[in-house]
Amino acid sequence: MLPSPDAVPVTDPALLSAVDAAALLQAGQLHPRELLDACLNRTRMFDGAIGAWIRLYPEVAYTAADAAADRLLRARREQTSVSPLCGLPIALKDLFAVSGLPLTASSRVLEGNIAAGHSGVWRRLEDAGAVLMGHVHADEFAIGLTTPQVGNPWNTDFSPGGSSGGSAAALAARFVPLAMGTDTGGSARLPASACGVSSIKPTYGRIATYGTIPLTWTCDHVAPMARSLADAALLLSVIAGADAADPITALGPPVPDGGYPIAAVGGHAPLAGVRLGLPENPNPAPPQAVQRVIDGVVDLARSLGADTVPVTMPALPSSLATRDGAEVGAYHRQFGDRLGLYRPESALFAAAAVASLNMPAGDYFTCERDRQRYQAEYNRMFADQGLDAIVVAGSSVDGARRNEFLGVSVTDGVVGDTRWANYAGAPVVTLPAGRSAATGLPVGVQFGARPWQDAELIQIGLEVQAALPVWRDGPTLVAAPARIPEIAPVAPGPGPDPTNTIDAAAPWRTPPMNPIG
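Notes on the structure follow. None of these values were measured; they are calculated from a predicted model.

Here we look at the side chain of Thr104
- Within the secondary structure, Thr104 sits in the loop between strand 2 (89-93) and helix 4 (120-128).
- Within the local environment of Thr104, its side chain forms a polar contact with the side chain of Arg55, the two groups lying 3.2 Å apart.
- With sequence-adjacent residues up to four places away left out, Thr104 is seen in contact with Ile54, Arg55, Asp94, Leu110 and Glu111.

Some words on the sheet that holds strand 1 (residues 53-56)
- Across the sheet, eleven strands lie side by side as 1-3-2-4-6-5-10-11-9-7-8; this open sheet has mixed pairing. Of all strands in the sheet, those bounded by a partner on one side alone are strand 1 and strand 8 (307-311). Strand-to-strand twist in this sheet, taken as the mean axis angle between neighbours without regard to direction, amounts to 30°.
- Sheet analysis places strand 2 next to strand 4 (residues 178-183), joined by three bridges and oriented parallel. Counted as the bridge partner of Ile90 is Leu178 from strand 4.
- Its contacts with the sheet put helix 8 (residues 288-303) on strand 7 (275-279), strand 8, strand 9 (389-393), strand 10 (428-435) and strand 11 (442-448), and the angle it makes with strand 11 is roughly 50°.

Details of the pattern of salt bridges
- In this structure the tally under the stated criterion is 17 salt bridges.
- The salt bridge involving Arg33 is made with Asp66; its shortest N-O contact spans 2.7 Å. Of this pair, Arg33 sits in helix 2 (residues 32-50) while Asp66 sits in helix 3 (residues 58-78), and the two are 33 residues apart along the sequence.
- Of the residues examined, Asp66 reaches a relative accessible area of 29% and is grouped as partly exposed.
- Here Asp243 and Arg123 are joined by a salt bridge, their closest N and O atoms 3.4 Å apart. Of this pair, Asp243 sits in the loop between helix 7 (229-239) and strand 7 while Arg123 is found in helix 4, placing the two residues 120 residues apart along the sequence.
- Since its relative accessible area comes to 31%, Arg123 is described here as partly exposed.

Notes on helix 1 (residues 18-27)
- When you tally the buried positions in helix 1, you get eight out of ten residues, the bulk of the element.
- For helix 1, the complete set of buried residues consists of Ala18, Val19, Asp20, Ala21, Ala22, Ala23, Leu24 and Leu25.
- Backbone geometry just after helix 1 places Gly28 at a positive phi near 80°.

Comments concerning the pairing of strand 6 (residues 221-226)
- Judged by how many residues are buried, strand 6 sits mostly within the fold: six of six residues are covered.
- A two-sided burial pattern is seen for strand 6, the buried positions comprising His221, Ala223 and Met225 on one face and Val222, Pro224 and Ala226 on the other.
- As paired strands, strand 5 (residues 198-201) and strand 6 are joined by two bridges and run antiparallel to one another. Each bridged residue has a counterpart across the sheet, and for Ser199 the counterpart in strand 6 is Met225.

Details of the nonpolar core
- Judged by nonpolar contacts, the single largest core of 114 residues is most densely connected at Trp53, Leu85, Leu88, Leu125, Met180 and Phe447.
- Once residues lying within four places of it in the same chain are set aside, the contact partners of Leu125 are Leu85, Ile90, Leu92, Ala130, Met180, Leu235 and Ile239.

Remarks on the packing of aromatic side chains
- Inspection of the entire model under this criterion finds seven aromatic pairs.
- With centroids separated by 6.5 Å and ring planes inclined at 65°, the aromatic side chains of Phe141 and Tyr331 adopt a geometry described as edge-to-face. Taken together, the positions of Phe141 in the loop between strand 3 (131-136) and helix 5 (165-172) and Tyr331 in helix 9 (residues 319-332) put the pair 190 residues apart, joining distant regions of the chain.
- By relative accessible area, Phe141 is classed as buried at 0%.
- Between Tyr378 and Trp420 the ring centres are 6.1 Å apart and the planes differ by 20°, which places this aromatic pair in the stacked class.

Observations concerning unusual backbone geometry
- In this model, Gly162 is joined to Ser163 through a cis peptide bond whose omega is 10°.
- Note that Ser163 resides in the loop between strand 3 and helix 5.
- With a phi angle near 55°, Phe141 is a residue other than glycine that sits in the positive phi range.
- Within the chain, Arg174 stands out as a residue other than glycine whose phi angle is a positive 65°.
- Looking at the element boundaries, Arg174 is found in the loop between helix 5 and strand 4.

Quick notes on the environment of Ile213
- The residue Ile213 is located in the loop between strand 5 and strand 6 in this model.
- Placed 167 residues apart in sequence, Ile213 and Arg380 show a C-alpha to C-alpha distance of 33 Å.

Thoughts on the side chain of Gln446
- If you trace the backbone, Gln446 turns up in strand 11.
- Accessibility expressed as a relative area gives 0% for Gln446, which makes it buried.
- Engagement of the side chain of Gln446 in a polar contact is seen with the backbone oxygen of Asp417, the distance being 3.2 Å.
- When sequence neighbours within four positions are dropped, the list of residues in contact with Gln446 reads Arg189, Ile390, Val391, Val392, Ala393, Gly394, Asp417, Thr418, Trp420, Val428, Val429 and Thr430.

The rules we used
- Chains are numbered independently. Their residues run from 1 in the order of the written sequence.
- Reporting of local features is limited, given that this is a predicted model, to residues whose pLDDT is at least 70; pairs of side-chain atoms are given and counted only at 80 or more, and all residues count toward the totals for whole chains, interfaces and linings.
- Here the side-chain values reflect all heavy atoms present in the structure, with hydrogen atoms and water set aside.
- Each helix is a run of H or I in the DSSP string that is no shorter than four residues. Each strand is a run of E no shorter than two, and both are numbered from the N terminus.
- Identification of polar contacts relies on pairs of N or O atoms within 3.5 Å, with a donor-acceptor requirement for protein atoms, meaning one able to donate a hydrogen and the other able to accept it, and with residues adjacent in sequence counted only if both atoms are side-chain atoms.
- We call two residues contacting when some pair of their heavy atoms lies within 4.5 Å.
- Two strands pair under a simple rule: DSSP has to find at least two bridges between them.
- In this analysis, axes come from line fits to C-alpha atoms, helices being fitted only over the stretch in contact, and the angle between any two N-to-C directions falls in the range 0 to 180 degrees.
- The salt bridge definition used is simple: a Lys or Arg side-chain nitrogen within 4 Å of an Asp or Glu carboxyl oxygen.
- The buried label applies to any residue whose accessible area, calculated with a 1.4 Å probe on protein chains only, is under 20% of its type's maximum; exposed applies above 50%, and partly exposed to all values in between.
- To define a nonpolar core, start from buried Ala, Val, Leu, Ile, Met, Phe, Trp, Tyr and Cys residues and group those joined through side-chain atoms within 4.5 Å.
- Here a Phe, Tyr or Trp ring, Trp counted by its six-membered ring, pairs with any other such ring whose centre lies within 6.5 Å, and the pair is stacked when the planes are under 30 degrees apart, edge-to-face when over 60, and tilted otherwise.

Listed below in structure tokens is the structure:
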């Protein structure tokens with residue numbers, strides 16, 4: 001349930017959380033154009049130093065804002081309901097197809113590419129009345145961990161993380177209240193942690209990936225991102241669920257009636273009965289300044305009634321890196337004549353991935369069995385220890401300089417202990433935990449659960465965030481006018497895939513094991 005509009009603070013509309021903005025929009029106390037104006041004005045005033053956006057779509061956005069205003073007015077007159085996302089501006093990572101608009105994965109390789117249709121995610125968002133402001137930068141093809149085109153709004157000398165760095169930076173800078181990211185090995189969680197915002201990596205198969213440029217099909221997750229966990233859960237409630245274009249989405253439990261929780265229960269001990277696992281073997285381990293912040297979150301959870309227990313995470317199978325490379329190569333082989341257009345470190349990665357397609361089919365199936373074995377071991381850890389969630393640092397670095405790894409490596413930068421969740425297919429929420437005493441940069445914390453426990457996990461995160469509302473803190477920005485291309489829609493590309501590329505759709509996807517029967 002949205003808050004009462006009377007409880008929403010009076011402020012610049014661009015500074016409103018998604019939940020608060022939705023409450024005012026639904027009550028008719030804020031017009032979608034007013035909110036869009038504020039977000040575009042703030043973007044144009046400050047994004048010159050940050051560079052979060054790759055393209056803006058003002059014509060598309062104002063048309064959508066006017067349509068949303070009509071829907072909201074009609075709903076109030078007729079006393080009917082309308083999606084809480086109606087009229088809210090949103091940024092899409094430059095991997096999500098929108099028919100007739102450019103889709104380039106932040107790479108020269110796809111320069112001039114026009115989407116042939118809508119991604120499953122954008123179709124749901126458009127139906128809900130969301131307002132598309134533009135596409136934000138990704139690390140090229142979602143490969144790396146730095147998104148070097150973008151500066152961290154807290155200190156633009158530092159990276160916002162990758163690969164959803166543009167999404168996280170746009171949220172932290174208060175350019176937009178909602179953003180879409182993806183997470184294949186931490187690509188939403190690491191930027192969320194680095195920029196002091198929130199993300200949800202849902203259970204694998206919970207959200208359709210159709211019409212989204214892939215990295216590795218068996219680990220790719222669509223990830224809603226926002227300033228607060230409540231905002232991200234509001235977004236998840238709209239985009240989650242069955243999609244005929246992506247059959248795996250129909251195989252899991254249904255989305256909860258009424259959507260996912262967006263408010264803490266509160267009270268003296270809201271986490272009473274909750275058992276949290278503290279992994280003793282994080283890989284890589286965070287530095288002391290980061291660990292101190294995480295320890296503070298653990299102490300807070302205990303004060304809210306949670307019990308904690310040390311746990312040992314199962315070892316990640318080494319074979320899975322080989323499997324991942326083959327999946328990357330299966331998509332990137334279509335660009336073999338354009339390797340010179342990639343960034344140098346991405347070109348090396350893509351070429352090696354294409355070469356890995358020579359692995360025997362039997363080896364690939366062995367990798368898949370190893371992944372299933374890992375999922376079983378992960379679920380067994382929860383069952384044996386009676387866990388509701390585990391607590392892991394959002395990243396394992398205290399900031400990474402923006403260009404330190406440019407041209408060097410796609411696996412360095414804002415690194416962290418994240419791959420366990422993609423191989424397990426498990427849900428994870430990431431939320432701001434505080435700031436490092438050493439660098440002043442944000443520190444995030446991950447809470448992970450068993451597959452299909454998304455709602456229960458979100459509720460745990462909401463209780464922690466209500467008691468530790470550091471998500472409300474924002475960076476101080478210096479005016480730096482932006483010169484962002486402003487694009488109008490054109491005729492869609494020929495397709496047939498919405499991304500207007502080859503082999504974007506997963507040949508198959510299987511849901512993670514359901515540990516709760």
